[in-house]
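Analysis of the macromolecular model
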Amino acid sequence: MDEPLIVFNPKLPRLSKNEGKVLKLLVEAGKSISPLYLEQEKQIKKNSLIKEEINKASKTNAAILSPYTVLEKIDGKIVTIPYHVKYAKLLRPIADKLSEAASITDDKDFGKVLQLQAKALLDGSYDKATIAWLKFKPYILDIQIGPVAYNLDDQIFHEKAPYQAWVGVMDTEGTKRLNNYKTIVLGTRRKAMSEDRIDNYEKVRARVNDVILFSGFMARMKFVGINLPMDLNIVERYGSQITLFNQSNDLRMKEIILPTFNQLFSSEFREGFELEDLRRGYLRATALHELAHSFLYYKHASENLKDLFPAIYELAATILGMRMAGSLLLKERITEKMLESMIITFLCRSLYYMKQSKVNNPMINYVLGGSIFVNSMLESGALNMIKGMAVVNFMKMFLSLHELSDTLEHLLSFGTYIEAENFVKKYT
Ligand SMILES: [Zn+2]
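How each quantity is defined
Sequence positions are assigned chain by chain, starting from 1 and proceeding in written order. Per-residue local features are limited, in this predicted model, to residues with pLDDT of at least 70; the limit for side-chain atom pairs, both in listing and counting, is 80 or more; totals at the level of whole chains, interfaces and linings are taken over all residues. Helix numbers and strand numbers start at the N terminus; a helix is a DSSP run of H or I with at least 4 residues, a strand a run of E with at least 2. In this setup the radius of gyration rests on C-alpha atoms only. A globule is expected at 2.2 Å times the number of residues raised to 0.38. Comment: burial labels come from other C-beta atoms within 10 Å of the residue's own C-beta, placed from the backbone, where a count of 20 or more is buried, 12 or fewer is exposed, and between is partly exposed. The contact rule is simple: place each C-beta atom from the backbone, and if two of them lie within 7 Å, those residues are in contact. By our criterion, buried Ala, Val, Leu, Ile, Met, Phe, Trp, Tyr and Cys residues that link up through C-beta atoms within 7 Å make up a nonpolar core. Helix axes use the C-alpha atoms of the stretch in contact, all axes being lines fitted to C-alpha atoms, and the angles between their N-to-C directions lie in the range 0 to 180 degrees. Here is the rule for angles: anything less than 35 degrees is roughly parallel, anything more than 145 is roughly antiparallel, 65 through 115 is roughly perpendicular, and the remaining ranges are oblique. By definition, turning the near helix anticlockwise from the far helix through less than a right angle yields a left-handed crossing, and turning it clockwise yields a right-handed one. Polar here means any residue other than Ala, Val, Leu, Ile, Met, Phe, Trp, Tyr, Cys and Pro, which are nonpolar, and Asp, Glu, Lys and Arg, which are charged; Gly is therefore polar. Multiplying 1.5 Å by the residue count of a helix minus one yields the expected span of that helix. The reported arc concerns the directions from the helix axis to the C-beta atoms and nothing else. Residue-level confidence of the predictor is summarised by pLDDT, bounded by 0 at the bottom and 100 at the top.

The next point concerns the overall build of the chain. Helix and strand content of the chain: 20 helices and 10 strands. Whereas a compact globule of 428 residues would reach a radius of gyration of roughly 22 Å, the chain reaches 22 Å, a difference of no more than 12%. Each of the three principal axes of the chain carries a C-alpha extent, and together these read 55 × 55 × 40 Å. Within the chain, buried positions represent 44% of all 428 residues. Of all intrachain contacts in the chain linking residues separated by at least 6 positions in sequence, the fraction that spans at least 24 positions is 74%.

Listed below in structure tokens is the structure:
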């Protein structure tokens, strides 16, 4: 596999001399995450060979299930080594760069976050670093670095947290727009389907970055948006941070959305959409997806739905996000064309992943979610495939989205594994 590192070259606002210096150090620190993640990929392959043994041993040794340990077989026995011990040699220079940046930055608050991120890499105090990152006064520069427990690919990772980093500079206009959406959307205080839900609306932060660097897991996944942390105990107490990435959106357009759009829609239909409509549509759909997560924090969902949880959870956020776009349309914050662009781009992404014959593990949730979406739209007649071309009835589509969103939230709030399994089987 290629190196898990993507360097973008966005047009940046004018930075002060100090900001420029700090940024340079952050980029250097971020880049060095990539070899660490490569090590982890090797480790995961090794783990998958002894999956049965790991499962068995985890019954008596809870550290095996920690997201932050490496598993090794010594004398026929499975032992655990904390990340910060196992990877100490690779982590030291990264932490040094962060500490150096912390010591020179003009922004004391940001410096404190950097200091805690550096410390966490060396001693495993990740929660402390995360909490500081959730609380600091928004600053023009942004870095997230370290292992993040994603809950995405439980089976193979054994819930191991992949190392990742991003470095970005705030897109001020985009951030303002996103925060306007946030106020409207979260202001609706959507009712929960069961009491199992955590509410954190008051503590949701949102920003849009121009990205300079994706490293490690981020470079593999190329997320357009992310909502962290995943640990609901921290989310409940300290809130969450939504981050959108402009350059990764452009990349997604180029690699996935546009080729699929050109292939699957008639030229007449395509004429109705400018490239810019689609670009904004996908970014806004992602924004609403991340906001929708705030309404879907059902505490027991992951436990109840097991391996089916990630796909259902992610699709539920996307569908609910599009449904909430309806209320933005009513408030005239978005146009009908925008809503259509959101739906079309997600449809393109879904069809793209369904056509891939070989998909690596984390992406499998996109495939599953995409198939559920496409097949339920085909069933309702909102989507028709005629001679290999997709034909969309937006009115029907919007009604079907409502229904699908309810079904998915039902599964998250009190669905059993059997129910989820039947549902997934029916639509894939
Ligand atoms: Zn999500």
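The next point concerns the nonpolar core. With 114 residues, the main nonpolar core has Leu 26, Leu 288, Leu 296, Ile 312, Ala 316 and Leu 412 as its most contacted residues. Element by element, the count of residues in this core is highest for helix 16 (residues 309-330), at 12 residues. The residues contacting Leu 26, other than those within four sequence positions of it, are Ala 101, Leu 141, Ile 143 and Val 167.

This next bit is on unusual backbone geometry. In this model, Leu 228 is joined to Pro 229 through a cis peptide bond whose omega is 0 degrees. Relative to the assigned elements, Pro 229 resides in the loop between strand 7 (225-228) and helix 11 (232-238). You will see that Asp 75, though not glycine, has its phi angle at about 50 degrees, which is positive. Here Asp 75 lies in the loop between strand 2 (69-74) and strand 3 (77-82). Even without glycine at this site, Lys 306 takes up a positive phi of about 50 degrees. Tracing the sequence through the fold places Lys 306 in the loop between helix 15 (301-305) and helix 16. With 13 C-beta atoms packed within 10 Å, Lys 306 lands in the partly exposed category.

Once that is clear, we can look at the environment of Ile 143. Counting through the fold element by element, Ile 143 comes out in strand 4 (residues 141-147). Between the C-alpha atoms of Ile 143 and Leu 98, which are 45 residues apart in sequence, the distance is 9.9 Å. Setting aside chain neighbours within four positions, we find Ile 143 in contact with Leu 26, Gly 30, Ala 165 and Val 167.

This part takes up the environment of Val 204. Within the secondary structure layout, Val 204 lies in strand 6 (residues 204-216). Through-space distance from the C-alpha of Val 204 to that of Leu 291 is 8.6 Å; in sequence the pair is 87 residues apart. Sequence-distant contacts of Val 204, that is, excluding residues within four places in its chain, are made with Lys 182, Leu 186, Gly 239, Ser 240, Ile 242 and Ser 294.

At a minimum axis separation of 8 Å, helix 1 (residues 17-31) and helix 5 (residues 88-104) run at an interaxial angle of 170 degrees. In terms of axis orientation, helix 1 runs roughly antiparallel to helix 5. Relative to helix 5, the crossing made by helix 1 is left-handed. Counting all contacts with helix 1, which are made through Asn 18, Lys 21, Val 22, Leu 25, Leu 26, Glu 28 and Ala 29, the residues of helix 5 involved are Ile 94, Lys 97, Leu 98, Glu 100, Ala 101 and Ile 104. Counted by class, the contact of helix 1 with helix 5 contains eight nonpolar, one polar and four charged residues.

With that settled, consider helix 2 (residues 33-49). Between its first and last C-alpha atoms helix 2 spans 25 Å; for 17 residues at 1.5 Å apiece the expected length is 24 Å, and the two agree. Within the span of helix 2, buried status applies to Ile 33, Ser 34, Leu 36, Tyr 37, Gln 40 and Asn 47. Along the axis of helix 2, the buried residues cluster in a sector spanning 145 degrees; they form a single face. Facing away from the buried surface of helix 2 by more than 90 degrees, the exposed residues are Lys 42, Lys 45, Lys 46 and Leu 49.

As a further point, take the confidence of the model for the chain. Reading predicted coordinates in detail is not appropriate for stretches of low pLDDT. Summing up the model confidence of the chain, the mean pLDDT is 92 and the portion of residues at 70 or higher is 97%. Low pLDDT (under 50) marks residues 152-157, which in the prediction has 12 contacts with non-local residues, meaning those over four places away or in another chain.

Turning to the packing of helix 17 (residues 336-355) against helix 18 (residues 364-380), a few remarks are in order. Orientation of helix 17 relative to helix 18, taken along the N-to-C sense of each, is 120 degrees, at an axis distance of 8 Å. By the angle class used here, helix 17 and helix 18 are oblique. Helix 17 and helix 18 meet at a crossing whose hand is left-handed. Contact with helix 17, carried on its side by Arg 349, Ser 350, Leu 351, Tyr 353 and Met 354, involves Tyr 366, Val 367, Gly 370, Ser 371, Phe 373 and Val 374 of helix 18 and no other residues of that element. A per-class count over the contact of helix 17 with helix 18 returns seven nonpolar, three polar and one charged.

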